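The chain contents come next:
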Amino acid sequence: MDRFVFLTVDGLSRGAVYAAFALALVLIWRAARVVNFAQGAMAVAAAYVAYTVAAQTGSYWLGFVVAIVVGLLLGALVDRAVMRFVDHTSPLNPVIVALGLVLLIQAVLGMVYGSEFRPAEAPFSRSALSVGGVAVLSPYDLFVFAAIGVVVSGLAWMFARTPVGLRMRAAAFAPEVSRLLGVNVGGMLTLGWALASGVGALAAMLVIPTELGLHPHAMDLVFVSAFTVAVVGGLDSPPGAVVGGLVVGLLLSYVSGYAGSDLTPLAVLVLLLAVLLVRPGGLFAPVAARRV
Amino acid sequence: MSATDLLVVRGLVAGYGAAPVLQAIDLTVPAGTIAAVVGANGAGKTTLLRALSGMIRPAAGQVLLAGEDLRGTPVEQLVRRGMAHVPEGRGVISELTVDENLRLGGLWRRDRADAGRALDEVYQLFEPLARRRRHLGHQLSGGERQMLALGRALVGRPRLLLLDEPSLGLAPRVVARTMALLRQLRDQTGLTVLLVEQNVRSALAVADQGVVMALGRVVTAAPAAELRDDVELRHAYLGF
């Protein structure tokens with residue numbers, strides 16, 4: 001029972017990170033119809049800058065804020081300086097360019113910071129608090145849930161209730177019509193990239209302290225899981241990304257806990273394959289609107 | 001050009017790729033009037049509207065809206081100059097609700113209070129939309145979509161309304177109602193309309209001015225009543 005509770009909480013905590021990272025993928029997919037394969041590398045870059053700032057100033061929280069800001073700016077930069085110039089007629093073009101960005105960012109990080117693992121400290125204790133003799137939640141888990149809860153509900157509120165959210169949705173669904181209605185579609189696209197990259201940076205800041213530490217490839221496996229989550233939930237569905245993230249986090253935690261951690265990458269791929277075979281649009285794919 | 005001409009087009013050349021579709025279009029629409037552009041398929045009617053609203057860049061020529069040259073104005077700025085374009089197929093965003101579609105039409109406005117008033121007016125004008133505020137665009141009937149697209153343009157309180165084939169795929173009764181509404185808006189609010197239509201009869205019935213296009217040129221521009229009565233012209237270009 002102890003073990004089950006531990007695995008469940010651990011799975012949900014990791015799942016929350018997957019959810020955020022998958023949400024970032026979904027945001028860009030919805031806005032630009034690009035699967036941003038560079039998201040992991042971009043998020044790691046933001047985390048490196050954050051930990052440099054934290055080391056210089058001695059303040060983790062200043063570094064945390066810097067990570068988000070660098071994430072936002074990096075997203076906007078990638079859109080304005082790179083993706084804007086990619087020919088989107090074939091979906092393969094942006095994918096190849098994104099993969100190129102991964103190589104570039106990881107090479108630069110390796111040159112600047114070296115390619116050994118650097119310790120990344122967590123701002124809260126990671127040892128679990130006990131309730132009635134059963135180890136349940138660590139303060140860090142609570143922090144992860146709170147941070148991601150705030151970001152996800154903030155984004156949901158923004159998209160559903162604010163004028164800028166309405167503009168972003170309109171620009172994504174119908175760019176031409178939106179321009180005729182005075183929406184700056186290019187600006188919305190950049191904003192979408194910035195937000196997604198900011199969310200990605202947050203996810204990296206939350207997950208890196210739970211793993212081996214900072215490394216140019218630190219987010220590679222998280223990216224694979226998050227990509228699976230996005231496909232499982234449906235690339236077009238933000239709620240799908242969130243629910244899918246939690247489900248995949250749980251699944252991987254149980255597989256790793258009961259069947260061995262060697263099997264988790266395999267479990268991710270099996271899940272991806274199964275969903276692609278059975279429901280390629282994702283479990284939360286909306287009913288296709290009939291266009292007349 | 002007189003002071004009352006809201007839209008003046010001079011020598012407009014535009015198209016897709018090398019061969020221009022529009023060849024030196026000249027056109028004048030006085031403020032507070034309805035102009036109907038009619039002509040066969042492929043005459044360049046839709047291209048004309050797209051060139052006017054900047055969706056395609058003219059290769060040559062001038063577009064003046066109330067005396068201001070629109071060359072180089074980005075598409076998203078035109079609505080701020082008072083030009084609203086309701087595209088062919090009407091462009092209702094089917095993933096958004098009726099209310100969101102309508103609000104989108106007024107989001108660019110700084111005068112939020114008046115944007116709210118304009119929204120209320122549109123709901124009064126199109127009563128069926130008020131009953132379906134929360135419905136998604138793709139749940140609406142063709143007639144309701146028509147209302148929604150038109151209403152969304154009106155929320156921006158345009159001076160000039162560009163309408164591309166409002167009768168497309170709609171029942172004659174709905175078309176007649178739309179045309180009557182355009183007339184009503186012209187009389188009550190001084191709205192200027194440039195209407196592109198295949199449905200020549202109903203377009204000329206409501207318009208002040210008729211513009212006949214063929215093969216990318218304006219063949220003739222005359223008071224609509226004259227065109228309706230000119231049997232030879234009708235036979236030659238309009239097919240009835």
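Residues numbered from 1 in each chain as written. Chains lettered and ligands numbered in written order. Predicted model: local features only at pLDDT ≥ 70, side-chain atom pairs only at ≥ 80, totals over all residues.

### With respect to the overall build of chain A
Then, number 1: The helix and strand inventory of chain A stands at 11 helices and two strands.
Then, number 2: Overall, chain A shows an N-to-C arrangement of helices and strands of α-α-α-α-β-β-α-α-α-α-α-α-α.
Then, number 3: A globule of 292 residues ought to have a C-alpha radius of gyration of about 19 Å, and chain A, at 19 Å, matches this closely.
Then, number 4: Along the first, second and third principal axes, the C-alpha set of chain A runs to 60 × 45 × 35 Å.
Then, number 5: For chain A, the proportion of its 292 residues judged to be buried stands at 48%.
Then, number 6: Sequence separation of 24 or more characterises 71% of the internal contacts of chain A that already satisfy a separation of 6 or more. (Helix = DSSP H or I, 4+ residues; strand = E, 2+ residues; numbered from the N terminus. Rg over C-alpha atoms; globule rule 2.2 N^0.38 Å. Buried ≥ 20, exposed ≤ 12 C-beta atoms within 10 Å, placed from the backbone. Contact = placed C-beta atoms within 7 Å.)

### Here we look at the overall build of chain B
Then, number 1: When helices and strands are tallied, chain B shows 10 helices and 10 strands.
Then, number 2: The C-alpha atoms of chain B give a radius of gyration of 17 Å, which matches the 18 Å a tight globule of 240 residues would have.
Then, number 3: When the backbone C-alpha atoms are referred to their principal axes, chain B occupies close to 50 × 40 × 35 Å.
Then, number 4: Counting the 240 residues in chain B, one finds 45% classified as buried.

### Quick word on the domain arrangement of chain B
All names here are of chain B.
Then, number 1: As assigned here, chain B comprises domain 1 (1–82 + 159–240) and domain 2 (88–157).
Then, number 2: Between the C-alpha centres of domain 1 and domain 2 there is a distance of 23 Å.
Then, number 3: Counting residues at the interface gives 12 residues for domain 1 and seven residues for domain 2.
Then, number 4: At the level of secondary structure, the elements contributing two or more residues to the side of domain 1 that touches domain 2 comprise helix H2 (75–81), strand E7 (160–164) and helix H7 (172–189).
Then, number 5: Among the residues forming the side of domain 1 that touches domain 2, the class breakdown is six nonpolar, three polar and three charged. (Domains from an automatic or database assignment. Nonpolar A, V, L, I, M, F, W, Y, C, P; charged D, E, K, R; others polar.)

### A word on the nonpolar core
Then, number 1: If you look at the biggest cluster of nonpolar residues, it comprises 169 residues, and the most contacted ones within it are Ala20, Ala46 and Ala47 of chain A.
Then, number 2: For this core, the leading source of residues is helix H1 (residues 2–32) of chain A, giving 17 residues.
Then, number 3: Looking at which domains feed residues into this core, each of domain 1 (1–82 + 159–240) and domain 2 (88–157) of chain B supplies at least three. (Core = buried A, V, L, I, M, F, W, Y, C linked by C-beta atoms within 7 Å.)

### Regarding the sheet that holds strand E4 (residues 60–65) of chain B
Residue and element names in this part refer to chain B.
Then, number 1: Spatially, the four strands line up as an open sheet ordered E2-E1-E4-E5, and their pairing is antiparallel. In this open sheet, the two edge strands, each paired with only one partner strand, are strand E2 (22–30) and strand E5 (68–69).
Then, number 2: Bridge analysis of strand E1 (residues 5–14) against E2 gives six bridges, and the strand direction is antiparallel. Bridge pairing links Val8 to Thr28 in E2.
Then, number 3: Against the sheet, helix H1 (residues 45–52) engages E1, E2 and E4, with an angle of about 70° to E2. (Pairing = 2+ DSSP bridges. Axes fitted to C-alpha atoms, helices over the stretch in contact; angles between N-to-C directions.)

### Structural notes on the interface of chain A and chain B
Then, number 1: Residue-level contacts link 18 residues of chain A with 20 residues of chain B.
Then, number 2: Of all the secondary-structure elements, those providing two or more residues to the side of chain A that touches chain B are helix H6 (163–173) and helix H7 (175–180) of chain A.
Then, number 3: Here the side of chain A that touches chain B gets six residues from one element, more than from any other, and that element is H6 of chain A.

### Here's the deal with the environment of Arg118 of chain A
Residues and elements named next belong to chain A.
Then, number 1: Relative to the assigned elements, Arg118 resides in the loop between helix H4 (92–113) and strand E1 (129–131).
Then, number 2: Sequence spacing of Arg118 and Val183 is 65 residues, and the spatial spacing of their C-alpha atoms is 44 Å.
Then, number 3: Sequence-distant contacts of Arg118, defined by excluding residues within four places in its chain, comprise Gly213 and Leu214.

### Considerations on the sheet that holds strand E10 (residues 217–223) of chain B
Strand pairs in the sheet, formed through backbone hydrogen bonds, run parallel or antiparallel to each other.
Residue and element names in this part refer to chain B.
Then, number 1: Within the open sheet, the six strands sit side by side as E6-E7-E8-E3-E9-E10. Their pairing is mixed. For this open sheet the edge positions go to strand E6 (83–86) and E10, each flanked by a neighbour on one side alone. Strand-to-strand twist in this sheet, taken as the mean axis angle between neighbours without regard to direction, amounts to 15°.
Then, number 2: Pairing geometry for strand E9 (residues 209–214) and E10, over six bridges, is antiparallel. Its bridge partner lying in E10, Gly210 is registered against Ala222.
Then, number 3: Contacting strand E3 (34–39), E6, E7, strand E8 (192–197) and E9, H1 crosses the sheet at an angle of about 145° to E7.

### Concerning the confidence of the model for chain B
Caution applies to low-pLDDT parts of the model: their predicted coordinates are not meant to be read in detail.
Then, number 1: Residues with a pLDDT of 70 or more make up 98% of chain B, whose mean pLDDT is 88.
Then, number 2: Taking the mean pLDDT of every element in chain B, the minimum, 75, falls on helix H10 (residues 231–238) of chain B and the maximum, 94, on E7 of chain B. (pLDDT = per-residue confidence, 0-100.)

### Some points on the confidence of the model for chain A
Then, number 1: Scored by pLDDT, chain A has a mean of 90; 97% of the residues are at 70 or more.
Then, number 2: Per-element averaging of pLDDT across chain A places strand E2 (residues 134–137) of chain A at the bottom with 76 and helix H3 (residues 60–82) of chain A at the top with 96.

### Examining helix H9 (residues 220–233) of chain A
Residues and elements named next belong to chain A.
Then, number 1: The end-to-end C-alpha distance of H9, which contains 14 residues, comes to 20 Å, matching closely the 20 Å that a straight helix rising 1.5 Å per residue would cover.
Then, number 2: The buried fraction of H9 amounts to 11 of the 14 residues, a majority that puts the element mostly inside the structure.
Then, number 3: Every buried residue of H9 is listed here: Val222, Phe223, Ser225, Ala226, Phe227, Thr228, Val229, Ala230, Val231, Val232 and Gly233.
Then, number 4: Buried residues belonging to H9 abut H1, helix H2 (39–57), helix H8 (185–207), helix H10 (238–259) and helix H11 (264–278).
Then, number 5: With its phi angle positive at about 100°, Gly234 sits one or two positions after the end of H9. (Expected span 1.5 Å × (residues − 1).)

### Observations concerning the environment of Pro119 of chain A
Residue and element names in this part refer to chain A.
Then, number 1: The residue Pro119 is located in the loop between H4 and E1 in this model.
Then, number 2: A tally of 9 C-beta atoms within 10 Å means that Pro119 is categorised as exposed.
Then, number 3: For Pro119 and Asp10, which are 109 residues apart along the polypeptide, the C-alpha to C-alpha distance reads 21 Å.

### Some words on H2 of chain A
Then, number 1: The terminal C-alpha atoms of H2 of chain A lie 27 Å apart, and with 19 residues this matches the ideal 27 Å at 1.5 Å per residue to within 8%.
Then, number 2: Buried residues dominate H2 of chain A, accounting for 14 of its 19 residues.

### Here's the deal with unusual backbone geometry
Comment: phi is negative for the bulk of residues other than glycine, and the bulk of peptide bonds are trans.
Residues and elements named next belong to chain B.
Then, number 1: One non-glycine residue, Ala66, lies in the positive phi region at around 50°.
Then, number 2: Here Ala66 shows up in the loop between E4 and E5.
Then, number 3: Phi is positive for Leu215, which is not a glycine, with a value near 50°.
Then, number 4: With respect to the element layout, Leu215 can be found in the loop between E9 and E10.

### Quick look at the pairing of E4 of chain B
Residue and element names in this part refer to chain B.
Then, number 1: One ladder, built from five bridges, connects E1 with E4; its direction is antiparallel. Residue pairing in the sheet places Val8 in a bridge with Leu64 of E4.
Then, number 2: Where E4 folds back onto E5 in an antiparallel hairpin, the turn is made up of two residues, including Ala66, whose phi is positive at roughly 50°.

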